[in-house]
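Listed below are the residues making up each chain.
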Amino acid sequence: MPEPIVFYDIPGLVKGKAWSPHTWKTRYTLNFKGIPYKTVWVEYPDIQALCKKIGASAADQRQDGTPLYTLPVIYDPNTKSVVSDSAAITRYLDKTYPDTPRLIPEEADALITALEVARWAVFPEMDPRPIIIPAVFSILRPASQPYFRETREKRLGKLEELAPRGSEKRAKHWEGMQKGLHKIAGWLEADGKEKLFFMGDKKGISYADFMLAGFFMWFKKCCGEDSQEWKDITSWDGGRWGRFMSALEKYEYVDEGEDVAL
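Now for a look at the structure at hand. (Residues numbered from 1 in each chain as written. Predicted model: local features only at pLDDT ≥ 70, side-chain atom pairs only at ≥ 80, totals over all residues. Heavy atoms only, no water.)

### A word on the overall build of the protein chain
Along the protein chain, the regular secondary structure elements total nine helices and seven strands. Whereas a compact globule of 262 residues would reach a radius of gyration of roughly 18 Å, the protein chain reaches 18 Å, a difference of no more than 12%. Expressed as lengths along the three principal axes of its C-alpha atoms, the size of the protein chain is roughly 50 × 45 × 35 Å. Of all 262 residues assigned to the protein chain, the portion counted as buried reaches 50%. Of the contacts formed within the protein chain by residues at least 6 apart in sequence, a portion of 69% connects residues at least 24 apart. Accessible area for the protein chain stands at about 12,900 Å²; split by element, carbon and sulfur atoms hold 52% of it. Taken as two groups, the 37 positive and 38 negative side-chain charges of the protein chain have centres that lie 1 Å from each other. (Helix = DSSP H or I, 4+ residues; strand = E, 2+ residues; numbered from the N terminus. Rg over C-alpha atoms; globule rule 2.2 N^0.38 Å. Buried < 20%, exposed > 50% of the residue type's maximum accessible area, 1.4 Å probe, protein only. Contact = heavy atoms within 4.5 Å. Areas by Shrake-Rupley, 256 points an atom, 1.4 Å probe, with all protein chains shown as cover. Lys, Arg positive; Asp, Glu negative; His and termini not counted. Charge placed at Lys NZ, Arg CZ, Asp CG, Glu CD.)

Following this line, the structure appears as structure tokens:
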């Protein structure tokens, strides 16, 4: 058995701690492949220092051109490799552990890459972020909240004013999200038959499904599994999103993990 991969994730106060849509893509991948791993929880203000310490590359850059260090990141002690970004991590795991189920088939790589962009393009004006970002803030640990508020409010404005409960603005964003997901449902039914998974139910689960499932886990964890928001999402499009998430429940394992030591 290989040594456990070290998986760096962002903790929350929610049960199981894991909430980020991006790190959930990697958690789903590791769980699905059955590769041993252990989670190290990293608060937002410590992400850059952690990445520089272990030699993780910046996954993106800010508007001013400076590097933006984000999670997920993994360290594989079996190959002494550090990999940033959920898609790159999945490609690395597909290549390094070929005896596990491949999640990005070579013939579908370009399409899955395009889907990462396209799934946000379905929300051209009223995207869901004004609803979910204040919910994220509410479930973060105190150590991450000031950083999260400062960085998000620089781009978006005061969190409490983005989409207040009961406001017309919130209703419009919620309607925009429902319409966007309905478009994605249309992609999955393009041949007139309902499919739960992007590669078709015969070929089964791929990384594309984990991209969408990570998005849904964002709402499930931050809004709350018993919230009306989550109940609404699982009921849309004839309940297909509830069925989709139920099919992936077996891959939602979250280990206890440990806090980072810098």
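### A word on helix α5 (residues 129–139)
Counted residue by residue, α5 has eight buried out of eleven residues, so it is predominantly covered. By the burial criterion, the buried members of α5 are P130, I131, I132, I133, A135, V136, F137 and I139. Contacts made by the buried residues of α5 are with α6 (145–156), α7 (168–188) and α8 (207–223).

### Notes on the pairing of strand β5 (residues 73–76)
Here three bridges tie strand β1 (residues 5–9) to β5, and the two strands are oriented antiparallel to one another. Bridged to Y8 within β5 is V73. As paired elements, β5 and strand β6 (residues 81–84) share four bridges and run antiparallel to each other. Bridging from a neighbouring strand, Y75 pairs with V82 of β6. (Pairing = 2+ DSSP bridges.)

### Some remarks on the environment of D201
Tracing the backbone shows D201 in the loop between α7 and α8. When its relative accessible area of 44% is taken as the criterion, D201 is described as partly exposed. When the C-alpha positions of D201 and R102 are compared, they lie 15 Å apart, and in sequence the two are 99 residues distant. Not counting chain neighbours up to four residues away, the residues in contact with D201 comprise E194, K195 and L196. Within the structure, the side chain of D201 is placed 3.1 Å from the backbone nitrogen of L196, a separation counted as a polar contact. Within the structure, the side chain of D201 is placed 3.4 Å from the backbone nitrogen of F197, a separation counted as a polar contact. (Polar contact = N/O pair within 3.5 Å; in protein donor to acceptor, adjacent residues only side chain to side chain.)

### Let's talk about the environment of T113
Structurally, the position occupied by T113 is in helix α4 (residues 109–121). In this structure T113 comes out as partly exposed when scored by relative accessible area, which is 40%. On a C-alpha basis, the gap between T113 and A87 in space is 8.4 Å, while along the polypeptide they are 26 residues apart.

### Examining the packing of aromatic side chains
Throughout the structure, instances matching the rule amount to 23 aromatic pairs. Ring centres 6.4 Å apart and planes at 80 degrees place the aromatic pair W120 and W218 in the edge-to-face group. Of this pair, W120 sits in helix α4 while W218 sits in helix α8, placing them 98 residues apart in sequence. Classification of W120 by relative accessible area gives partly exposed; the value is 23%. Residue class for W218 comes out buried when judged on its relative accessible area of 9%. Seen from the ring of W120, R129 lies directly overhead, with NZ or CZ sitting 4.5 Å from the centre. (Phe/Tyr/Trp six-rings, centres within 6.5 Å; stacked < 30°, edge-to-face > 60°. Lys NZ or Arg CZ within 6 Å of the ring centre and 35° of its normal.)

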